[in-house]
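Overview (structure and organization)
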Amino acid sequence: MTDMGALRNAVTAWAAGGPGGAAQDLADRLVVHTAVLLEGPSDAAAVDAMAARHGRDLAAEGICVLPMGGAMSVGRFADLLGPSGLDLRLVGLCDEREQDFYARALQRADAPPQSLFVCAADLEDELIRALGVSTVTELVEAEGESRRLHTFLQQPAQQGRAARQQLRRFLGTKAGRKIRYGRVLVEALDPARTPAPLEGLFAAL
């Protein structure tokens, strides 16, 4: 396990009610100064892929990319990582429906409003819109999931839905698929069409 992975695990255990000493020790040793608060691992996969495209090693820069396992945890993580805890600079990327939770948590941790970057629906929707339905469909086919996608699109629940909505739902129908495509979609992006929330996040790091 990488040191930054150990820090993520230590912070997650701390947020779940465990001791905070290991997180403090690792943060000090790694000279971490910023935590990126993300809802889940698919967002982290996309952020990691974007960092690689920019030639950046966020861990080496002292930036911890931290999937929290759900937006409802943001208040707890912000308390532990902000001024009353590890005293890290906090930035966040979230879905529109979770914006209020993030905004309150970051405000309580003295993070400025411009530290929060909000996706219109979620990051997958932003990436699908940036790439276009045809390109995303081609990427799914290139990943060997053409038959699975075709079968999914024939389901009654998908009839009448917009193609973008169908693809977004498909990405969430199997464990691990959103994580996989978080990387795949970012790697296929034209840099000029990077979704604004993702571009803003990296400009702030």
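Residues numbered from 1 in each chain as written. Predicted model: local features only at pLDDT ≥ 70, side-chain atom pairs only at ≥ 80, totals over all residues. Heavy atoms only, no water.

1. Remarks on the pattern of salt bridges
Across all of its chains, the model carries 15 salt bridges by this definition. Between glutamate 98 and arginine 97 there is a salt bridge, with its nearest N and O atoms 3.5 Å apart. Its salt-bridge partner being glutamate 126, residue arginine 129 comes within 3.0 Å of it at the nearest N-O pair. Taken as a pair, arginine 129 and glutamate 126 lie in helix H6 (residues 123-131) at a separation of 3 residues, close to a single helical turn. Overall, arginine 129 belongs to the partly exposed group, its relative accessible area being 34%. Residue glutamate 126 is classed as buried on the basis of its relative accessible area, which comes to 9%. Each of Glu143, Glu145, Arg148, Arg177 and Arg180 takes part in salt bridges that share partners, so that together they form one network. (Salt bridge = Lys/Arg side-chain N within 4 Å of Asp/Glu carboxyl O. Helix = DSSP H or I, 4+ residues; strand = E, 2+ residues; numbered from the N terminus. Buried < 20%, exposed > 50% of the residue type's maximum accessible area, 1.4 Å probe, protein only.)

2. Re helix H9 (residues 163-171)
Turning to H9, its buried residues number three or more, namely Gln166, Leu167, Phe170 and Leu171. What you see down the axis of H9 is that its buried residues fit within an arc of 135°, all on one side. Against H6, helix H7 (133-142), helix H8 (146-153) and helix H10 (177-187) lie the buried residues of H9. (Arc of directions from axis to C-beta. Contact = heavy atoms within 4.5 Å.)

So, to be careful, I would describe these as geometric facts and stop short of saying anything about function.
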